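Architecture at a glance
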Amino acid sequence: MLFLVFFFRNQVLEMFDHAYSNYMEHAYPADELMPLTCRGRVRGQEPSRGDVDDALGKFSLTLIDTLDTLVVLNKTKEFEEAVKKVIKDVNLDNDIVVSVFETNIRVLGGLLGGHSVAIMLKEKGEYMQWYNGELLHMAKELGYKLLPAFNTTSGLPYPRVNLKFGVRHPEARTGTETDTCTACAGTLILEFAALSRFTGTSIFEEYARKALDFIWEKRQRSSNLVGVTINIHTGDWVRKDSGVGAGIDSYYEYLLKAYVLLGDDSFLERFNTHYDAIMRYISQPPLLLDVHIHKPMLNARTWMDSLLAFFPGLQVLKGDIRPAIETHEMLYQVIKKHNFLPEAFTTDFRVHWAQHPLRPEFAESTYFLYKATGDPYYLEVGKTLIENLNKYARVPCGFAAMKDVRTGSHEDRMDSFFLAEMFKYLYLLFADKEDMIFDIEDYIFTTEAHLLPLWLSTTNQTISKKNTTTEYTELDDSNFDWTCPNTQILFPNDPMFAQSIREPLKNVVDKSCPRGISRAEESLGSGPKPPLRARDFMASNPEHLEILKKMGVSLIHLKDGRVQLVQHAVQAASSLDAEDGLRFMQEMIELSSQQQKEQQLPPRAVQIVSHPFFGRVVLTAGPAQFGMDLSKHKAGTRGFVATVKPYNGCSEITNPEAVKEKIGLMQRGQCMFAEKARNIQKAGAIGGIVIDDNEGSSSDTAPLFQMAGDGKNTDDITIPMLFLFNKEGNIILDAIREYEAVEVLLSDKAKDRDLEMENMDQKLSENDSHKQNSEEAPSASQDVAAVSEEPEEGENSDVTDPDSLSPADTASDSVSISNQDSFVPETEEAGAPEPAYTQGDHQPQEQTTETESNSKVNWDNKVQPMESILADWNEDIEAFEMMEKDEL
């Protein structure tokens, strides 16, 4: 065993050298290494990855994040060289918008961790004798650059800040956000308090404490849980699901660790209050499942994300060893099945999100469990992690994240936390005290594994300790049992204790995934298949209907076109099928929540502004997840429309001369929305309108949705794109046939109509004798709000339509959900309300009784008196405002 420990400790050192040297050789001074292409990732020079790139600030992120890791791994010479590079090369005054959370834990934490070990080495007398607090000076500079984010009435920080211009400055390009995640606002106290204690400047700790106090005040009082995202101005919970994974995780971690570092009992009381709620509602050993903060007995989802893997390590610090062992063992079984921990996996341990960006949380918990138990089993776990990294993630220029754990495909990224945390925890797992040049027990780990010295608790205590916890919470003494215990007394008489807890969980994954073929699929003769998922369900698929029947789920078509699903567990073919039916219904609840968010989008507007409309006709349009965001461009995009050829816009445009500098009209179908946008943009269009190919569809009867991307980076699309249902699209097409030159305005909301141009046009009409009255302004019936005929019966869209409608990743084109409140799976005993779902593109339509003449807009109406026009216009405005209010 000693030989194996020595071997794997050296193996960790070799792996670190491979990753670090490749970063320094191929990427530095860039923020991160791209290990597949052997180059640095510089923000703005690579295609945007969305929020992930908010961690990049052109400040050599990986090097700063790795500083104290070098000392932990006893690479003091490399550390000294790295510190000199940071001092000499890193600029913190870049005109770039970064995440407050990521910059705090990675950069500010990295600088403080580097300073902590630098002064330790200097005191030892061999290294860093020249050091004079330069890293601390940089940390203080960065701290001041983060402070503008806290300029809110609540004290919660904005999620992003411009390093050069702050938040409110006209050139900041941020400060419009309203929401932030709980972890984002609640994971500041360690770094900010350490900065205050190191420098004697109290403002940083004061701001971080205020944010924590506000979150505590806003907790749900009956459950003592917090939600995932919160409004930074009002304190309202935006996402009301609660767990210990993404969005909340390090908030809990920092409450307990703030008590350890700062010695403030109020943080411990808050943590224990939350922990009691977590164990009461979220912990379902060995699982940790999200719940609703107002209804904590109701699960909010049927899957778990990989970030919760840190929680067993936190439970060790709390002293609650048994559930830590149970959850860790469950996670290890998932890793043994997939080689890595997927970003998310279901309660039956199937892959939900297949990526794995080389996250260190499981290694962290493995280290803490080994330190608490001394069980060599956890050395075997560490051995597995090392072997899998070398076998599956190692590439010539470093280690590459896994794009899909099922296929082993790679992604061209090596995040800074891989060097900051993974190698630190793996090395400490296999290291003895003799292998360390300092006592690791004198430090506490931040969430990014940076080292802060415990002596800070008695230094520069400028903050008065006001206990604001017991004013609201009666705490039982049992809340404080086993908090931060001496682990040497946890297992005094039973060294096999940990094994006895793990043993029942040894095959928990294999037993659950995959199940045998004694389920609904067996009756279909198709062999073993995974259970039907809600996102895959199509009411028009006979096989799916048969599976529902086996699961005890009944499907009822309602007169209004909705599809109602009801589960009766006693009607299921077996208990396993009944369990699958319950899971299916729970997924439908989650799907309902996702689709309701999509349906609550504020509408966009297509306004016909040319003669003879002058802005009177406003068509409700759906936005796109790509291209110009019209909500941020108040002027909108104005131009004449042109029909593109081919009409589906799925290949190179053959009439670019007609489309150039115009807004292209095209039909939905046969390719992705993003592909259409790229094709017309290439042809010179300044915008695009996609018209639904489902005959008779209308915004009057169908909810708004966003046009989704194609799964690729869509930053290359810069023109605005809007979606019109068939009825609204035909209004524009009819106008083109009647007037040829039709000009429209694409905007976030309708603009005041052009009265000056309208009056001028009327004067010209009165003086122009050959003008026909039929060419004057159309009647009020032209407004989309006044057109309400129903689509014709039986005109269903093709279920294989490749256009991607958000949320396509979860719902495809199959089922949309009408009312979240109705999604309570009904059982025979409970008699709960029946969940109702609206069948999206397959919705059966009632036959219209309107005549053909009424189903079209009549462009030949004679001119109306001005008083009538103004009255119609006021009605139009009121209708549009009411529609907008309903959508919001």
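Fair warning: this is a prediction, and the values are worked out from it, not measured in the lab.

Let's shift gears to the nonpolar core. One recurring pattern in soluble globular proteins: nonpolar side chains tend to sit buried together. F79, L389 and F399 are the most contacted members of the largest nonpolar core, which totals 170 residues. Once residues within four sequence positions are removed from consideration, L389 is found in contact with M15, F340, L358, R394, F399, F418, M422 and L426. With 23 residues, the next largest nonpolar core counts L619, L722, I736 and L746 among its residues.

Attention shifts here to the packing of aromatic side chains. The geometry of an aromatic ring pair comes down to the distance between the two centres and the angle between the two planes. One pass over the full model with this rule turns up 33 aromatic pairs. Arranged with centres 5.8 Å apart and planes meeting at 85°, the rings of F16 and F423 form a pair that is edge-to-face. Of this pair, F16 sits in helix α1 (residues 2-26) while F423 sits in helix α15 (residues 416-430); the two residues are 407 residues apart in sequence, bridging distant segments of the chain. Classification of F423 as buried rests on a relative accessible area of 0%. Taking the centre distance of 4.8 Å and the plane angle of 65° together, the rings of F418 and F423 count as edge-to-face.

The pLDDT averaged across the chain works out to 81; a share of 76% of its residues lies at or above 70. Considering only residues more than four positions removed or in separate chains, one finds that residues 466-490, a stretch of pLDDT under 50, has 47 contacts. Between residues 513-528, whose pLDDT stays under 50, and residues either more than four places distant or in other chains, the model counts 33 contacts.

On to helix α8 (residues 203-217). In a regular helix each residue adds 1.5 Å, so 15 residues correspond to 21 Å; α8 covers 21 Å between its end C-alpha atoms and thus fits that length. Turning to α8, its buried residues number three or more, namely F204, E205, A208, R209, A211, L212, F214, I215 and W216.

This part is about the side chain of E80. As for its placement among the helices and strands, E80 is situated in helix α3 (residues 76-89). No salt bridge is formed by the buried E80, whose closest oppositely charged neighbour, K84, lies at an N-O distance of 4.6 Å. Leave out the neighbours within four places in its chain, and E80 touches Y127, M128 and W130.

Let's shift gears to the state of the cysteines. Taken as a whole and assessed by the stated rule, the structure comprises three disulfides. Across a sulfur-sulfur distance of 1.9 Å, C38 and C397 are joined as a disulfide pair. Because the sign of the S-S torsion sets the handedness, a value of about 100° for the bond joining C38 and C397 places this disulfide among the right-handed ones. Of this pair, C38 sits in the loop between β1 (32-34) and β2 (39-41) while C397 sits in the loop between β15 (394-395) and β16 (398-399), and the two are 359 residues apart along the sequence. Accessibility expressed as a relative area gives 30% for C38, which makes it partly exposed. Classification of C397 by relative accessible area gives buried; the value is 5%. Two residues share a disulfide in this structure: C650 and C671, whose sulfurs sit 2.1 Å from each other. Taking the torsion about the S-S bond as the criterion, the C650 to C671 disulfide, at about -85°, is left-handed. With C650 in the loop between β25 (637-643) and α21 (656-659) and C671 in the loop between β26 (663-667) and α22 (673-682), this residue pair connects regions lying 21 residues apart in the sequence. Take C650: its relative accessible area is 15%, and that puts it in the buried class. Since its relative accessible area comes to 5%, C671 is described here as buried. If one numbers only the bonded cysteines of the chain, in the order they occur, the disulfide pattern is 1-4, 2-3, 5-6.

With the rule as written, the count across this model stands at 40 salt bridges. Here K424 ties to D68 by a salt bridge, and the two come within 2.8 Å at their closest N and O atoms. In this pair, K424 sits in helix α15 while D68 sits in helix α2 (residues 61-72), placing the two residues 356 residues apart along the sequence. Given the relative accessible area of 0%, D68 is considered buried. One salt bridge in this structure joins R502 and D375, with 3.0 Å as the shortest N-O distance.

All right, on to the sheet that holds β25 then. Taken in spatial order, the seven strands line up as β24-β23-β30-β25-β26-β27-β29 in an open sheet, and their pairing is mixed. On the outer flanks of this sheet lie β24 (617-621) and β29 (721-724), each paired with one strand and no other. Strand-to-strand twist across the sheet, computed as the mean angle between neighbouring axes with direction ignored, equals 30°. In the sheet, strand β23 (residues 604-608) pairs with strand β30 (residues 743-747) via four bridges, with the strands oriented antiparallel. Bridge pairing in β30 places A605 opposite S747. Against the sheet, α22 touches β26, β27 (687-691) and β29, its axis set at about 140° to β27. This element, helix α23 (residues 726-739), spans β23, β24, β25, β26, β27, β29 and β30 of the sheet and lies at about 140° to β24.

The subject of this paragraph is the environment of A498. Relative to the helices and strands, A498 resides in helix α16 (residues 497-502). A relative accessible area of 3% means that A498 is categorised as buried. Along the primary structure A498 and Y377 are separated by 121 residues, whereas in three dimensions their C-alpha atoms are 9.2 Å apart. With residues up to four places along the chain from it excluded, the contact list for A498 reads I325, T373 and D375.

What follows concerns empty space enclosed by the protein. Taken as a whole, this structure holds five cavities of 30 Å³ or more when the rule is applied. Here the largest cavity defines a volume of roughly 150 Å³. Lining the largest cavity we find 15 residues, and of these I335, H356, R359, L385 and M422 sit closest to its centre. Partitioning the lining of the largest cavity into residue classes produces nine nonpolar, four polar and two charged. The computed volume of the second largest cavity comes to approximately 70 Å³. As for the second largest cavity, its lining consists of T346, D348, R350, P531, L532, R533, D580, R583, F584 and E587. In terms of residue class, the lining of the second largest cavity is made up of three nonpolar, one polar and six charged.

Moving on to unusual backbone geometry. The peptide bond linking P285 to P286 adopts the cis configuration, its omega dihedral lying at 0°. Looking at the secondary structure, you find P286 in the loop between β9 (283-284) and β10 (287-288). Note the cis peptide between K645 and P646, where omega equals 0°. For P646, the position within the fold is in the loop between β25 and α21. One non-glycine residue, N74, adopts positive backbone phi at about 65°. Here N74 lies in the loop between α2 and α3.

Calculation notes
Per chain, residue numbering runs from 1 following the sequence as it is written. Local features in this predicted model are restricted to residues whose pLDDT is 70 or higher, and side-chain atom pairs enter the listing and the counts only when it is 80 or higher, whereas totals over whole chains, interfaces and linings include all residues. Based on all heavy atoms of the structure, the side-chain values leave hydrogens and waters out of the count. Among buried residues, the Ala, Val, Leu, Ile, Met, Phe, Trp, Tyr and Cys ones that are joined through side-chain atoms within 4.5 Å form a nonpolar core. For every residue, the accessible area (1.4 Å probe, protein chains only) is compared with the maximum for its type, and the residue is labelled buried under 20%, exposed over 50%, or partly exposed between those bounds. Only heavy atoms enter the contact rule, under which two residues are in contact if any of them lie within 4.5 Å. Stacked, edge-to-face and tilted labels apply to pairs of Phe, Tyr and Trp rings (six-membered ring for Trp) whose centres lie within 6.5 Å, assigned for plane angles under 30 degrees, over 60, and everything in between, in that order. Going along the chain from the N terminus, every DSSP run of H or I of four or more residues is numbered as a helix, and every run of E of two or more is numbered as a strand. For every residue, the pLDDT score states the predictor's confidence, bounded by 0 at the bottom and 100 at the top. Residue count minus one, scaled by 1.5 Å, sets the expected span of a helix. In this tally, Asp and Glu contribute negative charge and Lys and Arg positive charge; neither His nor the terminal groups of the chain are included. A side-chain nitrogen of Lys or Arg and a carboxyl oxygen of Asp or Glu constitute a salt bridge if their distance falls within 4 Å. Pairs of cysteine sulfur atoms within 2.5 Å are identified as disulfides in what follows. Note: two strands are recorded as paired if DSSP finds a minimum of 2 bridges between them. All axes are obtained by fitting lines to C-alpha atoms, using only the stretch in contact for helices, and the reported angles, taken between N-to-C directions, cover 0 to 180 degrees. Whether a set of points on the 1 Å grid over the protein atoms alone is a cavity depends on a 1.4 Å probe fitting there but being unable to get out, while an open set qualifies as a pocket with protein on both sides within 12 Å along at least five of seven lines; lining residues are those with an atom within 4 Å of a point. Grid points are joined across faces, edges and corners, and a volume is the space filled by probe spheres set on the points. Basically, the charged four are Asp, Glu, Lys and Arg, the nonpolar ten are Ala, Val, Leu, Ile, Met, Phe, Trp, Tyr, Cys and Pro, and anything else, Gly included, counts as polar.

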